[in-house]
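Next come the chains, spelled out residue by residue.
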Amino acid sequence: MARIDVVMPQMGESIAEGTLSKWLKKVGDTVKRDEPMFEISTDKVDAEIPAPSTGVLAEILVTEGQTVPVQTVVARLETDVTAGVAAPAPAPSAPAAAAASAGQAASAGVGAGAPPRKESTPQPAAPHHPIAAGAPTTTHSNGDSLEDRLRTKSSPLVRRMAADHGVELTALQGSGIAGRVTKKDLLEFLDSGAKAPPRAPAGGTVPSHGLPLPEPWPGDVVEPMSKMRQLISDHMVASRHTSAHVSSFFEVDFTRIARIRATRRSEFEKATGEKLTYLPFIIKAVVDGLKAHPVLNASVRGGEIIYRKQVNVGIAVALDWGLIVPVIKGADNLSLTGLTRSLNDLANRARAKRLDPREVQDGTFTITNPGVFGSLIGTPIINQPQVGILCVGSIEKRPKVLTGPDGEDTIAIRTCAYLSLSFDHRIVDGANADKFMAFVKKSLETFPDAVL
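Just so it is clear, the structure is predicted and the values come from calculations on it, not from any experiment.

> Explain the overall build of the chain here, please?
Within the chain, the regular secondary structure consists of nine helices and 19 strands. Counting across all 452 residues of the chain, residues that qualify as buried make up 41%. Accessible surface computed for the chain: about 23200 Å², of which carbon and sulfur atoms make up 55%.

In structure tokens form, the structure reads like this:
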């Protein structure tokens, strides 16, 4: 029989582990080469992982919710499809059986109203015992240290288990990568009978923020954040603590762009196969603005400013399960057609979980477009380590006062939208931000038809 190991892939140079969030196949299913087998979540992206070969899924070694290092074998494929599913593997050793049995019990016991976890599994020989970080001989952390932050980024399953048992993950020392608490660590701690360090007493406070923790009321539904939701939360809070956020607002007349779209749309779509939306025009104007005002295409490194030579524009894409920002690399080298193709390709693959983590890295400026949902204006949070993010409001027709050549004022119907810029006041002054916005406004209101 020929068996192929299916491993947790290396989804980027900086990624050391991934969480297997969902199996798309079950043991016994036939899979084709490149057919999605499972979904993973990493620190950068959610993605579907395809089968490396055609065969039958013979074994699943990593369950949903587990976080494992890259190159860990998560499953095995039997490529001799006539043989069917391989016979069950030999009984595991006592330590492995203990961990597996306890893991199944914990998985069945998470969630509101679930039965308590059974604790009848034997302990492995010479087990690893997580210890409370707040022991008398240890200086108590406020939860903001690097070690604490790494530990709390455990798998969703571990966080659910910790919540169910009232355990604060930052109070344990784990055996995983960078000291992360694994499911095995948590189970051993609970089975040891040690007093669980409390998450926070009722009516207490969270050490890092000094705010009281809310308590669920009868009838409420409590569910853990997904890995992506937790990462978004971490990044947004970190950005607010890092950058001095200031926002500026401009109204832009898109009437000329609307006319270009109306007259050239059919020709453009026939030639390129792409729909001609407003966003590529905005990206083009922003790219030109960043080249004219490079402080908006920069990053802060301590007491230094890094002026980026590359212009890589991130575009926020709303997903049903969160938010992701794929990056158009080298946007300053692309025409309007090239920007349109790159934008549509990245957005479509983001929604289909087909992005590579490298495609959400190295952005130098971000554009978010909540206007497609009807929002008129917004003050987005800067995407670190960038220093600016542009928000596009709803593009709609409005009555405007126009002054004619004879000096007389008239009311006309114009297609307009509000654009807002959140910028980092550590290095971007209000004058520079407004000059950039004025440049973008003028570029859009005088956009040359020949650029198509």
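> I keep staring at the packing of aromatic side chains and nothing clicks. Help me out?
Any pair of aromatic rings gets described here by the distance separating the centres and the angle formed by the planes. This structure, assessed with the given rule, holds four aromatic pairs. When the centroid spacing of 5.0 Å and the interplanar angle of 75° are considered together, the rings of Phe 281 and Phe 447 count as edge-to-face. A residue pair is termed long-range when its members are at least 10 positions apart, and Phe 281 in helix 7 (residues 279-292) and Phe 447 in the segment after helix 9 (430-445) qualify at 166 residues. Just as Phe 281 is buried, Phe 447 falls in that class too. Its guanidinium or amino end placed over the ring of Tyr 418, Arg 398 lies 4.3 Å from that ring's centre, counting from NZ or CZ.

> Which parts of the structure should I look at to understand the packing of helix 6 (residues 255-272) against helix 8 (residues 336-351)?
Think of two packed helices as two axes; the pair is described by the angle between the axes and how far apart they sit. Between helix 6 and helix 8, whose axes approach to 12 Å, the crossing angle comes to 65°. The pairing of helix 6 with helix 8 is recorded here as roughly perpendicular in orientation. For the pair helix 6 and helix 8, the sense of crossing is right-handed. Every residue of helix 8 that contacts helix 6 at Phe 268, Ala 271 and Thr 272 is listed here: Thr 337, Thr 340 and Arg 341. Grouping the amino acids of the contact of helix 6 with helix 8 by side-chain chemistry returns two nonpolar, three polar and one charged.

> Hey, could you run me through the pairing of strand 8 (residues 73-78) in this one?
In summary, the side chains of a regular strand alternate between the two faces of the sheet. For strand 1 (residues 3-7) and strand 8, the ladder comprises five bridges, and the chain directions are antiparallel. What sits directly across from Ile 4, in strand 8, is Leu 77.

> Looking at this model, I keep getting lost on the packing of helix 7 against helix 9. Mind explaining?
As a packed pair, helix 7 and helix 9 sit with axes 9 Å apart at the nearest point and diverge in direction by 140°. Relative to helix 9, the element helix 7 is oriented oblique. Read as a crossing pair, helix 7 and helix 9 show a hand that is right-handed. Together, Phe 281, Ile 282, Ala 285, Val 286, Asp 288, Gly 289, Leu 290 and Ala 292 of helix 7 and Phe 436, Phe 439, Val 440, Ser 443 and Leu 444 of helix 9 make up the contact between the two elements. For the contact of helix 7 with helix 9, the per-class residue count stands at 10 nonpolar, two polar and one charged.

> Looking at this model, I keep getting lost on the sheet that holds strand 4 (residues 36-41). Mind explaining?
Two strands in a sheet stick together by hydrogen bonds in their backbones, pointing the same way (parallel) or opposite ways (antiparallel). Read from one edge of the open sheet, four strands run 5-4-2-7, paired in antiparallel fashion. Each of the sheet's edge strands pairs with one partner strand only, and the pair in question is strand 5 (46-50) and strand 7 (67-69). Across this sheet, the average inter-strand angle for adjacent strands is 40°, counted without regard to direction. Two strands pair when backbone bridges link them, and strand 4 and strand 5 are joined in this way by five bridges, in the antiparallel orientation. Of the residues in strand 5, the one forming a bridge with Ile 40 is Ala 47.

> Hey, could you run me through the nonpolar core in this one?
Burial of nonpolar side chains together is a common tendency in soluble globular proteins. Of all hydrophobic cores here, the largest spans 56 residues; its most connected members are Ile 283 and Ile 367. What Ile 283 contacts, discounting residues up to four positions off in sequence, is Val 313, Ile 315, Ile 328, Leu 339, Leu 343 and Ile 367. In terms of nonpolar packing, the next biggest core, distinct from the first, is built from 16 residues, Leu 20, Met 37, Ile 40 and Val 62 among them.

> It is not clear to me how helix 5 (residues 227-242) should be interpreted in this structure. Could you clarify?
Note on helix geometry: an α-helix contains 3.6 residues per turn, so any two residues three or four positions apart are oriented the same way. Compared with an ideal rise of 1.5 Å per residue, which puts 16 residues at 22 Å, helix 5 spans 22 Å between its outermost C-alpha atoms and is within 8% of the ideal. Among all positions in helix 5, only Lys 227, Met 228, Leu 231, Ile 232 and Ser 239 are buried. Projected onto a plane normal to the axis of helix 5, the buried residues spread over an arc of 130° and lie on a single side. Structurally, the start of helix 5 carries an N-cap: the backbone nitrogen of Arg 229 is 3.0 Å from a side-chain oxygen of Ser 226.

> Looking at this structure, how should I read the pattern of salt bridges?
Close approach of charged atoms lets side chains of opposite charge pair. Following the criterion strictly, the structure yields 21 salt bridges and no others. One salt bridge connects Arg 349 with Asp 345, and the closest N-O pair in it is separated by 3.0 Å. In this pair, Arg 349 and Asp 345 are both assigned in helix 8, four residues apart and thus about one turn of the helix distant. Arg 349 sits in the partly exposed class, given a relative accessible area of 21%. Of the residues examined, Asp 345 reaches a relative accessible area of 37% and is grouped as partly exposed. By sharing partners, the salt bridges in this structure join Arg 3, Asp 5, Glu 59, Arg 76 and Glu 78 into a single network.

> Is there a simple way to think about the sheet that holds strand 3 (residues 30-31) in this case?
What the four strands build is an open sheet, ordered 1-8-6-3; its pairing is antiparallel. A strand with exactly one partner marks an edge of an open sheet, and here the two such strands are strand 1 and strand 3. Pairing of strand 3 with strand 6 (residues 55-60) involves two bridges; the strand directions are antiparallel. Following the sheet pairing, Thr 30 is matched in strand 6 by Val 56.

Calculation criteria
Residues numbered from 1 in each chain as written. Predicted model: local features only at pLDDT ≥ 70, side-chain atom pairs only at ≥ 80, totals over all residues. Heavy atoms only, no water. Helix = DSSP H or I, 4+ residues; strand = E, 2+ residues; numbered from the N terminus. Buried < 20%, exposed > 50% of the residue type's maximum accessible area, 1.4 Å probe, protein only. Areas by Shrake-Rupley, 256 points an atom, 1.4 Å probe, with all protein chains shown as cover. Phe/Tyr/Trp six-rings, centres within 6.5 Å; stacked < 30°, edge-to-face > 60°. Lys NZ or Arg CZ within 6 Å of the ring centre and 35° of its normal. Axes fitted to C-alpha atoms, helices over the stretch in contact; angles between N-to-C directions. Parallel < 35°, antiparallel > 145°, perpendicular 65-115°, else oblique. Left-handed = near helix turned anticlockwise from the far one by under 90°. Contact = heavy atoms within 4.5 Å. Nonpolar A, V, L, I, M, F, W, Y, C, P; charged D, E, K, R; others polar. Pairing = 2+ DSSP bridges. Core = buried A, V, L, I, M, F, W, Y, C linked by side-chain atoms within 4.5 Å. Expected span 1.5 Å × (residues − 1). Arc of directions from axis to C-beta. Polar contact = N/O pair within 3.5 Å; in protein donor to acceptor, adjacent residues only side chain to side chain. Salt bridge = Lys/Arg side-chain N within 4 Å of Asp/Glu carboxyl O.

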